[in-house]
Structure formats: structure tokens, C-alpha cells
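So the chains spell out like this:
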Amino acid sequence: EADIYQTPRYLVIGTGKKITLECSQTMGHDKMYWYQQDPGMELHLIHYSYGVNSTEKGDLSSESTVSRIRTEHFPLTLESARPSHTSQYLCATRRRTGDTGELFFGEGSRLTVL
Amino acid sequence: GQQVMQIPQYQHVQEGEDFTTYCNSSTTLSNIQWYKQRPGGHPVFLIQLVKSGEVKKQKRLTFQFGEAKKNSSLHITATQTTDVGTYFCAGVYFGNEKLTFGTGTRLTIIP
């Protein structure tokens, strides 16, 4: 059972607000990821980290930013939310085992920007 | 760019019928993984295939990795209502640890 916690699960906010989506894990995994997924659609990698103080942009350009100050914590921030940011954001972890090893996903944060 | 194409996008089957989804990559993969996402849920890992021509079974699910390591399939025998969801493949390319997800196949079951 994966121990990945995402908060909030649901968030409805107005345009221009700053938001932070939290992701915490208790498994001690080095690798963490943020995926964006519209309903019924594919997953797009927007950020990833291979360890503390390591962050990289993913394949899909995103206006969000991330930080990795502690191994267990990988928050995602939007400075000024817009309706185009409405989506589900999934956090995931992976053990550091080269290019193998499965992803463990959190339950996701569903963001709606009005 | 590296892409993993997945077909079909949707599949509606009668309960008890079989179901297959296919993934294809234009470039050789290091390995491929399969995930299932229930409606309203998050993706859950099913299996990983690493070897050329590998076949793995999990009860009614059979996973195959092509000889050239460019394609993969998931076959479900005698579908049940619990199989409902979207099935994603995710490929890993040599020299790149990131997973590239396919577009997914949404399976619905007609009771």
C-alpha cells in the first residue's frame, strides 16, 4: 500500500489566486513526480525530482513551480491560477532503481479555477 | 519526440467477452508498464515487462511485450464489471528514466 498523501483533494478557486498543492510520502522514495490529467485523458508529466534540491520540468510545459527541500515533501505552486489550469494533478513516487520500478500515485488534487 | 500510441481509445464489451488493448512505440523501449485507473480514481500499477517477447499472466489478464520491444498488449479474458476503468501503458526509453504514458483505453462493460 502506497503512502502518498495529497491535499487538498478538491479545490475551487477564483482566477488570480495563488495555490499550493501538497504532496507527502512516507516511503522514503527519492523520485517524485507531478502529472496533470484532464478527465478521461492521458497523463502528462509536468515536474519531477530525483532527490532533495533536484527539480526538473517535465514533457508538458506548465506555469506551475515545485520545490524539494525534504525527501518526503514535493509541493506544487501556481502563483496566479487561471481557468486553463483546471485539471487533476497527480503526485507519484518511485524507488531509485534505475529505469525500472513502478510509480505509486496519490489520490490526486482536482483543481477548478473559475 | 518519443511517443507511445495506444489503441483503441474506447472499448465497450458485453460482460464475459474478451478485451485487448495495444501499445506501440516507434522507438525500442527499455521496459513497459501497465496501469489501471478506475473512474474517479488514480492509476494503480499492474505489471512491468522488461524482456523481449515476455509474457506474464495475472489471473484473467495476460500481458505481452513484443520481440522488438516496440509494442505491448494487455488481454483480459471473460471480462467482469470489476474490470471497468482506463488502462494505460507506460514506456521507458533507454537513457531516459521517465515513463511516457500512452493515451489509455477506456473499458466499459455492458452487464
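Let us look at the structure shown here. (Residues numbered from 1 in each chain as written. Chains lettered and ligands numbered in written order. Predicted model: local features only at pLDDT ≥ 70, side-chain atom pairs only at ≥ 80, totals over all residues. Heavy atoms only, no water.)

One key point about sheets: their strands pair by backbone hydrogen bonds, in either a parallel or an antiparallel sense. Residues and elements named next belong to chain A. Reading across from one edge, β1-β3-β8-β7 is the order of the 4 strands in this open sheet, with antiparallel pairing throughout. Where the open sheet ends on each side, the last strands, each with one partner, are β1 (4–7) and β7 (65–66). As paired strands, β1 and strand β3 (residues 19–25) are joined by 4 bridges and run antiparallel to one another. Bridging across to β3, tyrosine 5 finds its partner in serine 24. (Pairing = 2+ DSSP bridges. Helix = DSSP H or I, 4+ residues; strand = E, 2+ residues; numbered from the N terminus.)

Once that is clear, we can look at the interface of chain B and chain A. Across the boundary between the two partners, chain B contributes 20 residues, which contact 24 residues of chain A. Here chain B and chain A share an interface that buries about 1,900 Å² over both sides, 51% of which is from carbon and sulfur atoms. On the chain B side of the contact with chain A, Glu97(B), Lys98(B) and Phe101(B) bury the most area, a combined 32% of that side's loss. At the surface where chain B touches chain A, the tally comes to 2 salt bridges. Contributing elements (two or more residues each) for the side of chain B that touches chain A: β4 (29–37), β5 (44–49), β9 (85–93) and β10 (99–101) of chain B. Ranked by residue count, the leading element in the side of chain B that touches chain A is β4(B), at 5 residues. Classifying every residue of the side of chain B that touches chain A by side-chain character gives 7 nonpolar, 10 polar and 3 charged. (Contact = heavy atoms within 4.5 Å. Buried area = accessible area lost by both parts, 1.4 Å probe. Salt bridge = Lys/Arg side-chain N within 4 Å of Asp/Glu carboxyl O. Nonpolar A, V, L, I, M, F, W, Y, C, P; charged D, E, K, R; others polar.)

What follows concerns the sheet that holds strand β7 (residues 61–65) of chain B. Residues and elements named next belong to chain B. The 5 strands are arranged β1-β3-β8-β7-β6 in an open sheet whose pairing can be described as antiparallel. Only two strands of the sheet have a single partner each, and these edge strands are β1 (4–7) and β6 (55–58). With strand direction ignored, the average angle separating the axes of adjacent strands in the sheet is 15°. Pairing analysis gives 6 bridges linking strand β3 (residues 19–25) to strand β8 (residues 71–76), with the strands arranged antiparallel. If you follow asparagine 24 over to β8, its bridge partner there is asparagine 71. (Axes fitted to C-alpha atoms, helices over the stretch in contact; angles between N-to-C directions.)

Below, the discussion takes up the packing of aromatic side chains. Going through the model one piece at a time under the given rule, you end up with 11 aromatic pairs over all chains. Between Tyr33(A) and Tyr48(A) the ring centres are 6.5 Å apart and the planes differ by 25°, which places this aromatic pair in the stacked class. Here Tyr33(A) is found in strand β4 (residues 31–37), whereas its partner Tyr48(A) is found in strand β5 (residues 44–51), with 15 residues between them in sequence. Here the two residues Tyr33(A) and Tyr48(A) agree in accessibility, since each one is buried. Ring centres of Tyr35(B) and Phe45(B) lie 5.6 Å apart, and the angle between their planes is 70°; this geometry places the pair in the edge-to-face category. (Phe/Tyr/Trp six-rings, centres within 6.5 Å; stacked < 30°, edge-to-face > 60°. Buried < 20%, exposed > 50% of the residue type's maximum accessible area, 1.4 Å probe, protein only.)

Our next topic: the state of the cysteines. One pass over the full model with this rule turns up 2 disulfides over all chains. Here Cys23(A) engages in a disulfide with Cys91(A); their sulfurs sit 1.9 Å apart. Between Cys23(A) and Cys91(A), the disulfide has an S-S torsion of -75° and is therefore left-handed. A residue pair is termed long-range when its members are at least 10 positions apart, and Cys23(A) in strand β3 and Cys91(A) in strand β9 (residues 87–94) qualify at 68 residues. Comparing Cys23(A) with Cys91(A), the two get one shared label, buried. A sulfur-sulfur distance of 1.7 Å marks the disulfide that ties Cys23(B) to Cys89(B). (Disulfide = S-S within 2.5 Å.)

Time to look at the pairing of β9(B). Moving residue by residue along a regular strand, the side chains alternate between the two faces of the sheet. Residues and elements named next belong to chain B. Where burial is concerned, most of β9 is hidden: 9 out of the 9 residues are buried. Across 8 bridges, the pairing between β4 and β9 is antiparallel. Looking at the pairing, tryptophan 34 lines up with cysteine 89 of β9. Taken together, the 3 bridges between β9 and strand β11 (residues 105–110) define a ladder with antiparallel strand orientation.

Take it as geometry only, folks, not as evidence of what the structure does.
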